[in-house]
Amino acid sequence: MASTTTSEDALRRALAERQAAVDAQAEAVRALKAAGGAGASKADVDAAVEALKALKVEAGAAARRLQAAVGSGGGAAREEMRQAVVNTLERKLFYIPSFKIYRGVAGLYDYGPPGCAVKANVLAFWRQHFVLEENMLEVDCPCVTPEIVLKASGHVEKFTDLMVKDEKTGTCYRADHLLKDYCKEKLEKDLTLSPEKAAEFKHVLAVLDDLSAEELGAKIKEYGIVAPDTKNQLSDPYPFNLMFQTSIGPTGLSVGYMRPETAQGIFVNFKDLFYYNGQKLPFAAAQIGQAFRNEISPRQGLLRVREFTLAEIEHFVDPEDKSHPKFADVADLEFLMFPRELQLSGESAKLVKLGEAVSKGIVNNETLGYFIGRVYLFLTRLGIDKNRLRFRQHLPNEMAHYAADCWDAEIECSYGWIECVGIADRSAYDLRAHSEKSGVPLVAYEKFSKPREVEKLVIVPSKKDLGLAFKGNQKMVVEALEAMSEKEAMDMKAALESKGETNFQVCTLGKDVVITKKMVSISMEKKMEHQRVFTPSVIEPSFGIGRIIYCLFEHSFYTRPSKSEEEQLNVFRFPPIVAPIKCTVFPLVKNQEFDDAAKVIDKALTTAGISHIIDTTAISIGRRYARTDEIGVPFAVTVDSATSVTIRERDSKEQIRVGIDEVASVAKQLTEGQSTWADVSFKYPSHIGPQGDQE
């Protein structure tokens, strides 16, 4: 990107110089014409005009070179490709807008039969790759969540996006989307931009997620951005909570929300899960389920929706030891990484070895690095192009105050770079927040082989004095005092000794209270301990399944010419592991012998658990191949004899011949990854397909 940027800057400067030369020459022509008979001959004027024309030709060529450079991302080509993909997906019923006959609702989609199959296969592979291989504990928690849970997690107060309103119509827009669209359009279409202004817009795009409400509002005003539909002025950005609110029970008094993530169900169950796991750390819990976000202005199809499937992992680890026993398995992986330093300096992502990133402290710890590596393997094995996958580190303002480090797996598609997986070290924030709010300590234990003498913080609230001062709020004040960290407690002790009283914030009351010296005793005492009690840290990989699937659709899509070469045939090159249907069975011609053979194969494939379809239509075999290529079926079985059949591979169109009784075992080896096409091609004789396979 750095060299591309340099080239673009040079082209912008060259165009500006040529345009300045055009303007100067045009002024000279006007001056000569104005001089008329005062010393300017017709030959002088004609020569000046010819020079002006030549300069305009040079400026036009410079403009075309710049347009080619800034358009090298292929905006029109991307749009054309996206439309081809979406049209195919909707026509083949992978997914469609929900409630279509009622004109639909923005941000809601239905998966059709092949889409459901792809989604089920992705989730099955996710379970195998993470839950089974890492011995995770899977849970399934309700979508409706009581308000108190989401207050403790911070969602009620902070789960917001910045929104602006059309000041006349009230139409709402996401502030960052408007600024992003403006900058991208300027960079792609305004050839008169100076290199300095282009660099400014690129910097805004790089730090967009890092801008505060005030900074966003200032940029919108500076650039004169208005409502896209009406061109009316926009309000200042303000936060909008994205959760769907509901009530639990008939009275309406118990407030709840549709969960915006699945993680909180795991956190509140930590105590039981820790016990189930034999009170051993580290361990991970996983959950797949629906989540809900009331998006301000849903767009980009499956990429930004109001109901979606999340697959989340909460890996609980000792905060004093974030090493991982299997880190060596992924340390040699090399892939695109985009640390915050590269983002802020305007550079692009670079190939980095994961082990190097961890050893240099670019990635905070081994366990976080291990999951980054596992996410990379998961996505690339699904069929995501490794050259269009990068791991971007959160910028300072993006990252929660409690997080130790956070990376997003971003996949490039026709909409740009899309966050599909977040991998965060959330420290001990979640368990501490729920411990404080619920009064139930969500902690782990490390038993010592021999007792240890430790200096321990002892906080003893005077319940009598606190009761007199705070009456019904006594319990919440006591719990807040007991939950103080060592630093908070020692600061309070110093304040009480010097002043006799101090202000103390009680989160559950939502205000400060005055604590006096007689209300609490704080000391450091030496004790013999048999175990260490601590709050675990959490490493959280969170997968947006719909986003991954959409990017997979784009990465898998291509076209190839038909037999006539006048028509382009659509193909999805899904790996067998995610293909909606693993193979098709085609009797070459309609006769009883071939139909009987197809039934034998059908039964064997069903017994082997291989999804398949039988196509006995009268159209040519080439057309039948093309029809199933369009939904990504990797293998086609053509019944052209009573004893043996051909198996065709979708992308190479190569064929082998196998006995009817071997079809199911060969298909199973191929679709479950036990053998590659090269393996079976070596074992079985190749076959030249019928003329119809030229499609």
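Each chain carries its own residue numbering, running from 1 in the written order of its sequence. With the structure being a predicted model, the display of local features is reserved for residues of pLDDT at least 70 and the display and counting of side-chain atom pairs for 80 or more, all residues being used for whole-chain, interface and lining totals. The basis for every side-chain value is the complete set of non-hydrogen atoms in the structure, without hydrogens or water.

1. Let's talk about the overall build of the chain
Our working definition: Numbering of helices and strands runs from the N terminus, with a helix taken as a DSSP run of H or I at least four residues long and a strand as a DSSP run of E at least two residues long. Only protein chains enter the accessibility calculation, which uses a 1.4 Å probe. A residue is then buried if its area is under 20% of the maximum for its type, exposed if over 50%, and partly exposed in between. It only takes one pair of heavy atoms within 4.5 Å for two residues to be counted as in contact. All accessible-area figures derive from a Shrake-Rupley calculation using a 1.4 Å probe, and residue coverage is judged against the displayed protein chains alone. Only four residue types enter the tally: Lys and Arg on the positive side, Asp and Glu on the negative side; His and the chain ends are excluded. Charge coordinates come from a single atom per side chain, which is NZ of Lys, CZ of Arg, CG of Asp or CD of Glu.
On a plain count of helices and strands, the chain comes out with 23 helices and 29 strands. Summarising its shape, the C-alpha atoms of the chain cover approximately 100 × 95 × 55 Å along the three principal directions. A total of 695 residues make up the chain; the buried ones form 48% of that total. A sequence separation of at least 24 residues applies to 69% of the contacts in the chain between residues at least 6 apart. Of the roughly 33,900 Å² of accessible surface on the chain, a fraction of 53% belongs to carbon and sulfur atoms. In the chain, which carries 88 positive and 98 negative side-chain charges, the distance between the mean positions of the two groups comes to 2 Å.

2. Focus on the confidence of the model for the chain
Definition in use: pLDDT is a per-residue confidence score from the predictor, ranging from 0 to 100.
Scored by pLDDT, the chain comes out at a mean of 89, with 96% of its residues at no less than 70. Summarising per-element confidence for the chain, the mean pLDDT is lowest in helix α1 (residues 2-35) (75) and highest in strand β3 (residues 137-138) (98). Low pLDDT (under 50) marks residues 691-695, which in the prediction has 22 contacts with non-local residues, meaning those over four places away or in another chain.

3. Focus on the environment of Pro 451
Take Pro 451: it is sitting in strand β17 (residues 444-461). Classification of Pro 451 as partly exposed rests on a relative accessible area of 43%. In this structure the C-alpha to C-alpha distance between Pro 451 and Glu 134, which are 317 residues apart in sequence, comes to 33 Å. Those residues in contact with Pro 451 that lie beyond four places of it in its chain are Met 528, Glu 529 and His 530.

4. Comments concerning the pairing of strand β5 (residues 160-165)
Put simply, the rule is: For two strands to count as paired, DSSP must find a minimum of two bridges between them.
Bridging between β5 and strand β7 (residues 238-241) involves 4 bridges; their strand directions are antiparallel. Among the inter-strand pairings, Asp 161 is bridged to a residue of β7, identified as Phe 240. The sheet contact formed by β5 and strand β6 (residues 172-174) spans 3 bridges and is antiparallel. In the sheet register, Lys 165 faces β6, and the bridge partner there is Cys 172. Where β5 folds back on β6, the antiparallel hairpin that results is connected by 6 residues, among which Gly 170 adopts a positive phi of roughly 85 degrees.

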